[in-house]
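One letter stands for each residue in the lines below.
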Amino acid sequence: MEPSAAVLSFRPATGSDTEALVALVESAYRGEASKVGWTTEAHLLDGQRTDPEAVSELLARPHSRVLLAERAGELLACCQLERRGERAYFGMFSVRPDRQGGGLGRAVLAEAERFAREEWQAAELEMTVIVQRSELIAWYERRGFRRTGVLSPFPYGEERFGVPKRPDLAFETLVKAL
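Parameters at a glance
- Residues numbered from 1 in each chain as written.
- Predicted model: local features only at pLDDT ≥ 70, side-chain atom pairs only at ≥ 80, totals over all residues.
- Heavy atoms only, no water.
- Phe/Tyr/Trp six-rings, centres within 6.5 Å; stacked < 30°, edge-to-face > 60°.
- Helix = DSSP H or I, 4+ residues; strand = E, 2+ residues; numbered from the N terminus.
- Buried < 20%, exposed > 50% of the residue type's maximum accessible area, 1.4 Å probe, protein only.
- Salt bridge = Lys/Arg side-chain N within 4 Å of Asp/Glu carboxyl O.
- Pairing = 2+ DSSP bridges.
- Axes fitted to C-alpha atoms, helices over the stretch in contact; angles between N-to-C directions.
- Left-handed = near helix turned anticlockwise from the far one by under 90°.
- Contact = heavy atoms within 4.5 Å.
- Nonpolar A, V, L, I, M, F, W, Y, C, P; charged D, E, K, R; others polar.

A.B. asks: With reference to specific residues and values, describe the packing of aromatic side chains.
C.D. replies: The final tally for this structure, using the stated rule, is eight aromatic pairs. An angle of 20 degrees between the planes, with centres 5.7 Å apart, marks the rings of Phe-154 and Phe-171 as stacked. Residue Phe-154 is located in the loop between β7 (146-153) and β8 (163-164), and its partner Phe-171 is located in strand β9 (residues 170-177); the two are separated by 17 residues in the primary sequence. For the pair Phe-154 and Phe-171, one class covers both residues: buried. Grouping aromatic residues by their ring pairs yields a cluster made of Phe-90, Phe-93, Trp-139, Tyr-140 and Phe-145.

A.B. asks: Account for unusual backbone geometry, with residues named and values stated.
C.D. replies: Leave glycine aside and you will find that most residues have negative phi; peptide bonds, for their part, are mostly trans. Even without being glycine, Ala-72 reaches a positive phi, approximately 55 degrees. As for its placement among the helices and strands, Ala-72 is situated in the loop between β3 (64-71) and β4 (74-84). Even without a glycine there, the phi angle at Met-92 is positive, about 50 degrees. Tracing the chain through its elements places Met-92 in strand β5 (residues 87-95).

A.B. asks: Would you mind going over the pattern of salt bridges in detail, with residue names and values included?
C.D. replies: Counting across every chain of the model gives 21 salt bridges. When the shortest N-O distance is used, the salt bridge between Arg-84 and Glu-126 registers 3.7 Å. Taken together, the positions of Arg-84 in strand β4 and Glu-126 in strand β6 (residues 124-130) put the pair 42 residues apart, joining distant regions of the chain. Classification of Glu-126 as buried rests on a relative accessible area of 13%.

A.B. asks: Just give me the short version of the pairing of β9, but keep the residues and values in it.
C.D. replies: Among the eight residues that make up β9, seven are buried, leaving the element largely enclosed by the rest of the structure. Alignment of β6 against β9, held across seven bridges, turns out to be antiparallel. From the neighbouring strand, Leu-125 faces β9, where its bridge partner is Lys-176. Here five bridges tie β7 to β9, and the two strands are oriented antiparallel to one another. Looking at the pairing, Arg-147 lines up with Leu-174 of β9.

A.B. asks: Give a description of the packing of helix α1 (residues 18-29) against helix α3 (residues 52-60) that names residues and reports values.
C.D. replies: In the contact formed by α1 and α3, the axes pass within 9 Å of each other and the chain directions differ by 115 degrees. Both α1 and α3 take part in a crossing whose hand is right-handed. Residues Thr-18, Leu-21 and Val-22 of α1 lie in contact with α3, whose contacting residues are Pro-52, Val-55, Ser-56 and Leu-59. Looking at the contact of α1 with α3 residue by residue, the class counts come to five nonpolar, two polar and no charged.

Now the structure itself:
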């Protein structure tokens, strides 16, 4: 069976996945490799998107789960979920740039929603998106998320999250009922 025909499987990440997770997230958001896909932030930010310390912190955090999507043992996508009372936070959503546009992201989002609803009994999924990412926000809106108008500032001066290329970056909270 060809890898592309193999079934997509999901599993929780472990500490041994840290290096592969950092590489996946970086490839989806920053640098030249990210420009192959449509989720790139390279036009807005330089620098890193994450690092091994940040990923290790997420893996160790109580009420947090990093889900990996694999096909034939190959890491293709991931997301992080964090239980926050009645809501689950959805973040670090990454799909390999050369695999974007084929439904993989929709499958990961569906699994994240299923997990949050069934395992944590979450009523809503919440996330933040850079407001300048209108195409990405529209993708989430087509999948049932709604814009809340709640904005939070980008962490300027904290290069751990990237080096902004413009002075007006901010995050907007999006919410979806589960």
